[in-house]
Amino acid sequence: MITSIDIGKSNVKIVQSELNNDKLRILKVGSKVVNSDSKKLPDAISQSQFVATISELCTELGINPKRTKNIISGLTGKEVSIKQLTTLEMNDEELANSLEFEAKKHIPLDGTEPILDYYIIGQNKEEIDKNDLLLVATTKNHINRHNDILKKSGFKSKIFDADALALMNMYLYSNNLPDEGVDVLINIGDSTTTLMCW
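The rules behind each value
Residues numbered from 1 in each chain as written. Predicted model: local features only at pLDDT ≥ 70, side-chain atom pairs only at ≥ 80, totals over all residues. Heavy atoms only, no water. pLDDT = per-residue confidence, 0-100. Helix = DSSP H or I, 4+ residues; strand = E, 2+ residues; numbered from the N terminus. Expected span 1.5 Å × (residues − 1). Buried < 20%, exposed > 50% of the residue type's maximum accessible area, 1.4 Å probe, protein only. Arc of directions from axis to C-beta. Contact = heavy atoms within 4.5 Å. Salt bridge = Lys/Arg side-chain N within 4 Å of Asp/Glu carboxyl O. Pairing = 2+ DSSP bridges. Axes fitted to C-alpha atoms, helices over the stretch in contact; angles between N-to-C directions.

### Overview of the confidence of the model for the protein
One rule of thumb: low pLDDT means the predicted coordinates there are not for detailed reading.
In step 1: Per-chain confidence: the protein averages 85 in pLDDT, with 95% of residues scoring 70 or above.
In step 2: Looking over the protein, one finds the lowest element-wise mean pLDDT in helix 4 (residues 163–174), namely 80, and the highest in helix 1 (residues 47–61), namely 94.

### Looking at helix 3 (residues 140–152)
In step 1: End to end, helix 3 covers 18 Å across 13 residues, agreeing with the expected 18 Å (1.5 Å per residue, within 8%).
In step 2: Within helix 3, the full set of buried residues consists of His142, Ile143, His146, Asn147, Ile149 and Leu150. The arc that holds every buried residue of helix 3, seen down its axis, measures 155°, which confines them to one face. Along helix 3, the residues that are exposed and aim more than 90 degrees away from the buried face are Lys151 and Lys152.
In step 3: Those residues of helix 3 that are buried are in contact with strand 1 (2–7), helix 1, strand 4 (71–75), strand 6 (114–123), strand 7 (130–139) and strand 8 (159–162).

### Re the pattern of salt bridges
In step 1: The full count for this structure, using the stated rule, is six salt bridges.
In step 2: The residue arginine 25 makes a salt bridge to glutamate 18 at a minimum N-O spacing of 3.3 Å.
In step 3: What makes glutamate 18 partly exposed here is its relative accessible area of 24%.
In step 4: Here lysine 140 ties to glutamate 113 by a salt bridge, and the two come within 3.8 Å at their closest N and O atoms.

### Quick word on the pairing of strand 1
In summary, the side chains of a regular strand alternate between the two faces of the sheet.
In step 1: Covered by surrounding structure in strand 1 are Thr3, Ile5 and Ile7 only, the residues Ile2, Ser4 and Asp6 on the alternate face being uncovered.
In step 2: Here six bridges tie strand 1 to strand 2 (residues 11–20), and the two strands are oriented antiparallel to one another. Note on strand 2: the bridge partner recorded for isoleucine 5 is isoleucine 14.
In step 3: Connecting strand 1 to the antiparallel partner strand 2 that follows it, the hairpin turn spans three residues.
In step 4: Summarising the sheet, strand 1 and strand 4 pair through four bridges and their orientation is parallel. From the neighbouring strand, threonine 3 faces strand 4, where its bridge partner is isoleucine 71.

### Regarding unusual backbone geometry
In step 1: Of note in the backbone geometry, aspartate 22 takes a positive phi value of approximately 60° without being a glycine.
In step 2: Take aspartate 22: it is sitting in the loop between strand 2 and strand 3 (23–33).
In step 3: Unlike most non-glycine residues, aspartate 129 shows phi in positive territory, near 65°.
In step 4: Along the chain, aspartate 129 falls in the loop between strand 6 and strand 7.
In step 5: Classification of aspartate 129 as partly exposed rests on a relative accessible area of 45%.

### Brief notes about the sheet that holds strand 5 (residues 81–88)
In step 1: Across the sheet, three strands lie side by side as 5-7-6; this open sheet has antiparallel pairing. Both edges of this open sheet fall to strand 5 and strand 6, since each of them pairs with a single strand only. Averaged over neighbouring strand pairs, the angle between their axes works out to 25° when direction is ignored.
In step 2: Here strand 5 runs beside strand 7; their pairing, made up of eight bridges, is antiparallel. Along strand 7, the bridge assignment pairs lysine 83 with leucine 135.

Here is the structure:
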């Protein structure tokens, strides 16, 4: 069983699913608005308000956080950057240093080190000795704040996934890439909208 948690700017969503014979089955799903003073902006919602909302939603869905093992939580917002880049072919160490420099251009620096991951898509079709890759970056502070909410809610997080990539992976799991044309996914959140085309 997999439990996925999306902590948005003003809503919390939880989905429990299982994979059985290569079929994904949704077991439980729920969404709850974070209770807060209506005069506050979503950025001003406190950590304790998110924790209370997650606890209430777990109670409504009959989920015991202490007994939940496989947790995937989505990261979103301006603190997370996903970019497709073209780089020179280089070894892993050189690439990691180059990408850390690149990531600092795309995420707001908060005084902590950037956390990044990348996936090499393949060789660039137009330029020799260059690779296309997907770079995902955030900061240690953003992950720690997110993880603190999960821990205080009783969960032990295992995987953090950028919302846009999680959505794309689920789509690709269920559908083949088109032979012609373009597939477009739009994720409209409270304060962030993500558009994915391929």
